[in-house]
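Listed here are the chains, written in short residue letters.
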Amino acid sequence: MSVRHMMNFKDWSGQELRQILDLAIKVKGNQKDYWQALDHLTLGMIFQKTSTRTRVSFEVAMTQLGGHAIYLDWRSTNLVLAELKDEVRFLARNVDILMARVLTFEQVQEMAEYSRVPVINGCDNCYHPTQALADFQTILEHKGRLEGINLVYVGIHNNVANSLLEGGTKLGMKLTMVTPEVNQASLNPELIKAAEQSGLYEHTLDIKAAVADADVVYTDAWIDMEFFLDPKFADEKQRRIDKMIPYQLNEELLKGSKALIMHDMPIHTGYEISRGVIESPYSIIFDQAENRLHAEKAVLLTLLGRN
Ligand code: CP
C-alpha cells in the first residue's frame, strides 16, 4: 500500500483539504475525545532551520493526542554528516510519521521517496502547507466560509504565498497577490498557471485598491529566516526593505478597512507590518498562530488514518 504524504497540496483535492479543516475545528472543540487517538505513536521532527511555532505546535499536538514527538536538530544529529535518504530509512523504521523543516523541496521529495511512513513538509523554500491549513481554518472560524473570500496577500511571493495560492484556490477562495517581488527559490510557474486556470487568482501592485476590496489582508516577512541575520545578505536585505516599504501594512493603508489582518509569524515589526496593525481589533494573528496546533492535529490524524 502506498504511503500518503503532505509535501504540498498538489495531490490533495479541495474536498480533502476541507475535510482536514472540519476535523481541525472538531478536534479543537472536543480535545479530550482525542487524548488517546495517537497512543504509543511517535512523530520524528527534523529541523534544518529555526522554528518556534512549527516545533512547539507539532510537539504539543503529539502530546495532546497521546503520542510522542522527537526533536531532531540537523546540526546535532548525523543528518549533518550522512546522506538524507539513509537517515530517513532508519528513522522510518522507528517513528510512525515524520515532519521536516528543510532547506529545499527536493529534500522533502527525497524523504518521501525513501520513507515508509508519512512525511509532512514543515516548510521549505517552496511550500508551507501546515501554515496554510491553519490560516484557512482561522478564516473559516472568523468568516464562517471560505468560498468567495478575497484574501489579499501583500509582500514577497514566497513559500507561504505558494501554499495559500495552491490551497486557497482549491477551497474556492479568491487570492489577490500584491507581490512586487518573487523569491526566486520559491518560483513555481506550474503553480501560478494552475491558479490562473482556476479563475480565482489576480496579481496587482495597486495595494490601495486591493485592500479596499479585501476580506483578509495577509503579510509575511520580506526576508527568509535563514538569511535575516546573515551579514552576507545585508545588501539584499536593504534592497528589499527599500523596495517593499511602500507595501507595509500600517494604520494609514488600512484606515477605514474592516478586513481581517493575518501574519504567519515571526513578525518583523516596523518592516512588513506596524505595531498598531498587529494590535488592531481586526488582527487575528494570534488565533492564526494558535491554530497551527489544531490544524496539525488534523493532518496527523488524517495521515495516520485515525480521522
Ligand atoms: N510560521 C512559522 O512557521 O513559524 P516558525 O518559523 O516559528 O515555526
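The rules we used
- Residues numbered from 1 in each chain as written.
- Predicted model: local features only at pLDDT ≥ 70, side-chain atom pairs only at ≥ 80, totals over all residues.
- Heavy atoms only, no water.
- Helix = DSSP H or I, 4+ residues; strand = E, 2+ residues; numbered from the N terminus.
- Rg over C-alpha atoms; globule rule 2.2 N^0.38 Å.
- Buried < 20%, exposed > 50% of the residue type's maximum accessible area, 1.4 Å probe, protein only.
- Areas by Shrake-Rupley, 256 points an atom, 1.4 Å probe, with all protein chains shown as cover.
- Lys, Arg positive; Asp, Glu negative; His and termini not counted.
- Charge placed at Lys NZ, Arg CZ, Asp CG, Glu CD.
- Phe/Tyr/Trp six-rings, centres within 6.5 Å; stacked < 30°, edge-to-face > 60°.
- Lys NZ or Arg CZ within 6 Å of the ring centre and 35° of its normal.
- Salt bridge = Lys/Arg side-chain N within 4 Å of Asp/Glu carboxyl O.
- Polar contact = N/O pair within 3.5 Å; in protein donor to acceptor, adjacent residues only side chain to side chain.
- Contact = heavy atoms within 4.5 Å.
- Core = buried A, V, L, I, M, F, W, Y, C linked by side-chain atoms within 4.5 Å.
- Near = heavy atom within 4 Å.
- Nonpolar A, V, L, I, M, F, W, Y, C, P; charged D, E, K, R; others polar.
- Expected span 1.5 Å × (residues − 1).
- Bend = angle between axes of the 7 residues up to and from the residue.
- 1 Å grid on protein atoms, 1.4 Å probe; cavity = no way out; pocket = protein on both sides within 12 Å on 5 of 7 lines; lining within 4 Å.
- Points joined across faces, edges and corners; volume = space filled by probe spheres on them.

(A) The overall build of the chain, seen in detail. Within the chain, the regular secondary structure consists of 11 helices and 9 strands. Expected size for 307 residues packed as a compact globule is a radius of gyration near 19 Å; at 19 Å, the chain falls within 12% of this value. Taken along the three principal axes of its C-alpha coordinates, the chain extends 55 × 45 × 35 Å. Among the 307 residues that make up the chain, the fraction classed as buried is 57%. Carbon and sulfur atoms make up 51% of the accessible area of the chain, which amounts to about 13,500 Å² in all. The centroid of the 32 positive side-chain charges in the chain is displaced by 3 Å from the centroid of its 41 negative side-chain charges.

(B) Local environment of the packing of aromatic side chains. Considering all chains together, one arrives at 4 aromatic pairs under this definition. Here the aromatic rings of W222 and Y271 are separated by 6.5 Å at their centres, their planes lie at 85°, and the arrangement is edge-to-face. Placement of W222 in the loop between β8 (216–219) and α9 (234–244) and of Y271 in the loop between β9 (260–263) and α10 (275–278) is noted, with a sequence separation of 49 residues between them. Given a relative accessible area of 3%, W222 falls into the buried group. Above the plane of the ring of W12 lies R4, whose end atom (NZ or CZ) is 3.7 Å from the centre. The residue whose ring lies beneath R55 is Y71, and the NZ or CZ to ring-centre distance is 3.7 Å.

(C) View of the side chain of E166. If you trace the backbone, E166 turns up in helix α6 (residues 159–170). Buried E166, no salt bridge; nearest opposite-charge side chain is K170, N-O distance 5.7 Å. Looking at E166, its side chain comes within polar contact range of the main-chain nitrogen of F9, at 3.0 Å. A polar contact of 3.5 Å, which involves the side chain of E166, links it to the backbone nitrogen of K10. In contact with E166, other than residues within four places in its own chain, are N8, F9, K10, Y127 and L191.

(D) Examining the nonpolar core more closely. L43, I46, L133, F136, L151, L164 and L300 are the most contacted members of the largest nonpolar core, which has 80 residues in total. Aside from chain neighbours lying at most four places away, what touches L300 is L38, L43, F58, A61, M62, L65, I97 and I120. In this structure, V211, V217, F233 and A289 belong to the second largest nonpolar core, which totals 27 residues.

(E) Quick peek at the site of the ligand. Surveying the vicinity of the ligand reveals 11 residues, the closest of which are S51, T52, T54, R101 and M265. Between the ligand and the protein, one listed contact pairs an oxygen atom with a side-chain N or O atom of S51 at 2.7 Å. With respect to the ligand, the side chain of T54 contributes an N or O atom lying 2.8 Å from an oxygen atom. Across the complex, the protein chains shield 96% of the 260 Å² of accessible surface that the ligand would expose by itself. Taken together, the residues of the shell around the ligand sort by class into 2 nonpolar, 5 polar and 4 charged.

(F) Region of the structure containing helix α11 (residues 285–303). With 19 residues, α11 ought to run about 27 Å at 1.5 Å a step, and its terminal C-alpha atoms sit 27 Å apart, in line with that. Taking the largest bend as the criterion, α11 deviates by roughly 35°, centred on N291. By the criterion of burial, α11 is predominantly enclosed, with 16 of the 19 residues buried. Immediately beyond the C-terminal end of α11, within one or two residues, lies G305, with a positive phi of roughly 70°.

(G) Spatial organisation of the layout of surface pockets. In this model, the second largest pocket occupies a volume close to 230 Å³. Of all the secondary-structure elements, those providing two or more residues to the lining of the second largest pocket are α6 and α7 (189–198). Of all the elements, α7 adds the most residues to the lining of the second largest pocket, at 5 residues. Here the residues of the lining of the second largest pocket are counted per class, giving 5 nonpolar, 3 polar and 4 charged.

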